[in-house]
Amino acid sequence: GERWLAQGSVTHTHLIPFLGPTELSQAVVDAGAVPLLVLCIQEPETALKRIAASALSDISKHSPELAQTVVDVGAIAHLAQMILNPDEKLKHQVLSALSHIAKHSVDLAEMVVEAEIFPVVLTCLKDKDEYVKKNACTLIREIAKHTPELSQLIVNAGGVAAVIDCLESCKGNIRLPGIMMLGYVAAHSENLAMAVIISKGVPQLSACLSEEPEDHIKAAAAWALGQVGRHTPEHARAVAITDVLPVLLALYMSTESSEDLQVKSKRAIKNIIQKCTYLPALEPFLYDAPPNILKYVAGQFSKVLPHDSKARRLFVTSGGLKKIQEIKAEPGSLLQEYINNINSCYPEEIVRYYSPGYSDTLLQRVDSYQPLTN
């Protein structure tokens with residue numbers, strides 16, 4: 001078997017076993033096939049390169065140990081050199097193999113990066129082939145997820161902006177790895193989340209959330225937006241001003257949403273609201289949100305209003321204070337505590353004026369009032 005593999009004869013490519021479970025891959029490795037596969041990807045014939053890259057991808061997929069066997073025979077450098085090969089199907093396999101190697105650990109991801117795949121791999125994000133785009137995004141995602149340092153390296157190479165452009169140019173499942181990549185980058189730190197914001201990632205994620213029909217893609221976009229918005233008031237505001245909060249609320253409340261989409265939407269709302277001090281974005285929630293979300297919204301008003309006289313006045317004229325008086329909170333609950341804190345920012349007669357039933361009380365006083373007659 002080894003001889004035909006080493007000769008690189010295309011006629012025998014159907015003999016390479018492709019390669020499901022870990023045991024099969026392990027058997028192929030134990031038989032000494034990996035160095036031969038690396039020889040095959042150096043052969044001139046494209047069909048042989050493809051099938052060898054596909055085999056290396058299948059072997060690397062299963063475990064860090066199997067991926068390491070592929071790395072140990074120098075496969076990364078040879079794969080990395082083929083990122084710009086004109087053959088689309090070969091590019092699919094090469095990007096897939098590098099993704100499978102990079103996903104397992106920081107060390108393996110760093111080895112892929114050290115093969116100087118940046119900025120070369122970013123050209124694949126502009127490829128006319130959808131699956132080249134998808135696999136390139138997947139490769140970048142598998143590197144970004146590990147550490148802030150690896151994410152920063154991607155940012156410095158222009159990778160975040162390139163992925164955001166790529167999201168704009170495609171639809172459906174092709175978008176999924178790019179959406180997740182932005183979420184992973186933003187999750188690492190304030191600065192990395194800010195890099196996503198500065199590269200105009202938020203409007204693009206919002207578009208994915210609104211446009212995509214499939215719940216699992218919406219759920220990924222909701223998760224990513226939550227990762228961007230959860231750091232500081234500045235981050236939260238950048239997400240809130242794109243009007244994404246009402247969309248997330250509608251998805252959370254909808255009986256048609258999958259359970260995963262509901263969970264991710266709720267968590268994103270909570271992440272963003274708990275940092276958001278931009279009150280105009282929060283005010284609609286006083287009217288629409290269920291009690292378990294309302295408590296976070298009331299909590300933010302109770303933090304901001306004591307220190308901001310302009311916001312206090314606006315909260316009265318916009319109808320917010322009246323709405324607060326209409327909320328029925330459990331006595332002793334956190335929500336009730338927040339309502340009390342908000343009310344304590346105002347003179348007592350104003351609060352009374354906006355409480356339900358106040359006008360009836362006034363009318364009763366009119367009825368019982370005896371004017372002095374001459």
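Here the residue index of a chain counts from 1 through its sequence in written order. Whole-chain, interface and lining totals are the exception, using all residues; otherwise, since this is a predicted model, local features are given only for residues with pLDDT of at least 70 and side-chain atom pairs are given and counted only at 80 or more. Side-chain descriptors were evaluated using all non-hydrogen atoms of the structure, hydrogens and water having been removed beforehand.

The chain has the name Sperm associated antigen 6 in an unreviewed UniProt entry, where Myodes glareolus is given as its organism.

Undergrad: Help me understand the overall build of the chain, please; the structure alone is not making it clear to me.
TA: Counting secondary structure elements, the chain contains 25 helices and 0 strands. Reported as C-alpha extents along the three principal axes, the dimensions of the chain are approximately 125 × 35 × 35 Å. Evaluated residue by residue, the chain yields a buried proportion of 50% over its 374 residues. Long-range contacts, defined here as pairs at least 24 residues apart, represent 69% of the contacts in the chain between residues at least 6 apart. Only carbon and sulfur atoms are counted for the fraction: they give 53% of the accessible area of the chain, which is about 17900 Å². Between the centroid of the 34 positive side chains of the chain and the centroid of its 41 negative side chains there is a distance of 6 Å. Per the convention used, a helix needs a DSSP run of H or I reaching at least four residues, while a strand needs a run of E reaching at least two, with both numbered from the N terminus. Any residue under 20% of the maximum accessible area for its type is buried, any over 50% is exposed, and the rest in between are partly exposed; the area is computed with a 1.4 Å probe on protein chains only. Any two residues having at least one pair of non-hydrogen atoms within 4.5 Å are treated as being in contact. Here the Shrake-Rupley method, with its probe set to 1.4 Å, supplies the accessible areas, and only the displayed protein chains count as covering residues. When charges are counted, Lys and Arg contribute as positive and Asp and Glu as negative, whereas His and the chain ends are disregarded. Lys charges are placed at NZ, Arg charges at CZ, Asp charges at CG and Glu charges at CD.

Undergrad: Just to check I follow, could you spell out the environment of Ala-136 for this structure?
TA: With respect to the helices, strands and loops of the structure, Ala-136 is situated in helix H9 (residues 130-144). What makes Ala-136 buried here is its relative accessible area of 0%. Put simply, Ala-136 and Gly-178 are 42 residues apart on the chain and 9.0 Å apart in space, counted from C-alpha to C-alpha. Every residue in contact with Ala-136, bar those within four places of it in the chain, is listed here: Leu-95, Val-121, Cys-124 and Leu-125.

Undergrad: Looking at this model, I keep getting lost on the pattern of salt bridges. Mind explaining?
TA: Pairing between side chains becomes possible if they bear opposite charge and their charged atoms approach one another. When a carboxyl oxygen of Asp or Glu lies within 4 Å of a side-chain nitrogen of Lys or Arg, that pair is called a salt bridge. Scanning the model with the defined rule gives 15 salt bridges in all. With a closest N to O distance of 4.0 Å, Glu-130 and Lys-133 form a salt bridge. With Glu-130 and Lys-133 both in helix H9 and 3 residues apart, the pair spans about one turn of that helix. With relative accessibility at 32%, the residue Glu-130 sits in the partly exposed group. Connected through shared salt-bridge partners, Glu-88, Lys-91, Asp-127 and Lys-128 make up one network.

Undergrad: How should the packing of helix H11 (residues 159-169) against helix H12 (residues 176-188) be read in this particular structure?
TA: If you want to describe how two helices pack, look at the angle between their axes and the distance between the axes. Packing of H11 against H12 brings their axes to within 9 Å, and their N-to-C directions diverge by 145°. Handedness of the H11/H12 crossing: left-handed. Contacts from Gly-159, Val-160, Val-163, Ile-164 and Leu-167 of H11 reach H12 at Gly-178, Ile-179, Met-181, Leu-182 and Val-185. Amino acid classes used here: Ala, Val, Leu, Ile, Met, Phe, Trp, Tyr, Cys and Pro are nonpolar; Asp, Glu, Lys and Arg are charged; the rest, including Gly, are polar. Grouping the constituent residues of the contact of H11 with H12 by class yields 8 nonpolar, 2 polar and no charged. Here an angle of 0 to 180 degrees is reported between the N-to-C directions of two axes, which are lines fitted to C-alpha atoms, with helices fitted over the stretch in contact. In a left-handed crossing the near helix is turned counterclockwise from the far helix by less than a right angle, and in a right-handed crossing that turn is clockwise.

Undergrad: Help me understand the environment of Ile-59, please; the structure alone is not making it clear to me.
TA: Of note, Ile-59 is situated in helix H4 (residues 46-61). By relative accessible area, which is 0% here, Ile-59 ends up buried. Note: C-alpha distance between Ile-59 and His-100 (41 residues apart in sequence) is 8.8 Å.

Undergrad: Please explain unusual backbone geometry as it appears in this structure.
TA: For residues other than glycine, phi is negative in most cases, and the peptide bonds are mostly trans. In this chain, Phe-118 is followed by Pro-119 through a cis amide linkage whose omega measures 0°. Locating Pro-119 in the fold gives a position in the loop between helix H8 (106-114) and H9. Unlike most non-glycine residues, Glu-116 shows phi in positive territory, near 60°. For Glu-116, the position within the fold is in the loop between H8 and H9. A relative accessible area of 63% places Glu-116 in the exposed class. One non-glycine residue, Lys-200, adopts positive backbone phi at about 65°. Counting through the fold element by element, Lys-200 comes out in the loop between helix H13 (190-198) and helix H14 (201-211). For Lys-200, a relative accessible area of 59% corresponds to the exposed category.

Undergrad: Before we go on, may I ask you to explain the state of the cysteines in this structure?
TA: A pair of sulfur atoms, both from cysteines and within 2.5 Å, is called a disulfide here. Enumeration over the complete set of coordinates arrives at 0 disulfides. Unpaired in terms of disulfides, Cys-208 finds its nearest cysteine sulfur in Cys-170, a separation of 7.9 Å. Cys-345 takes part in no disulfide bond, and the closest cysteine sulfur, belonging to Cys-276, lies 17 Å away.

Undergrad: Where do I start with a negative patch on the surface in this structure?
TA: Think of a patch as exposed residues, more than 30% relative accessible area, with no salt bridge, where like charges cluster within 9 Å and nonpolar side chains (Val, Leu, Ile, Met, Phe, Trp, Tyr) cluster within 5 Å. Residues Asp-107, Glu-110, Glu-114 and Glu-149 make up a contiguous surface patch of negative charge. At 3 residues, the largest contribution of residues to the negative patch is made by H8. Inspection of the secondary structure puts Glu-114 in helix H8. Classification of Glu-114 by relative accessible area gives exposed; the value is 60%.

Undergrad: Would you mind showing me how to read the layout of surface pockets here?
TA: Using a probe with the size of a water molecule, rolled over the atoms, empty space left in the structure can be pinpointed. A 1.4 Å probe that fits but cannot get out identifies a cavity on a 1 Å grid over protein atoms alone, an open set with protein on both sides within 12 Å along at least five of seven lines counts as a pocket, and a residue lines either if it has an atom within 4 Å of a point. Grid points are joined across faces, edges and corners, and a volume is the space filled by probe spheres set on the points. A volume near 180 Å³ is recorded for the largest pocket. In terms of lining residues, the largest pocket is bounded by Thr-277, Leu-279, Pro-280, Glu-283, Phe-301, Val-304, Asp-308, Lys-310, Ala-311, Leu-314 and Phe-315. Residue assignment for the lining of the largest pocket shows that the elements contributing at least two residues are helix H19 (279-288), helix H20 (291-304) and helix H21 (309-317). Take the lining of the largest pocket: its biggest share by element is 4 residues, from H21.

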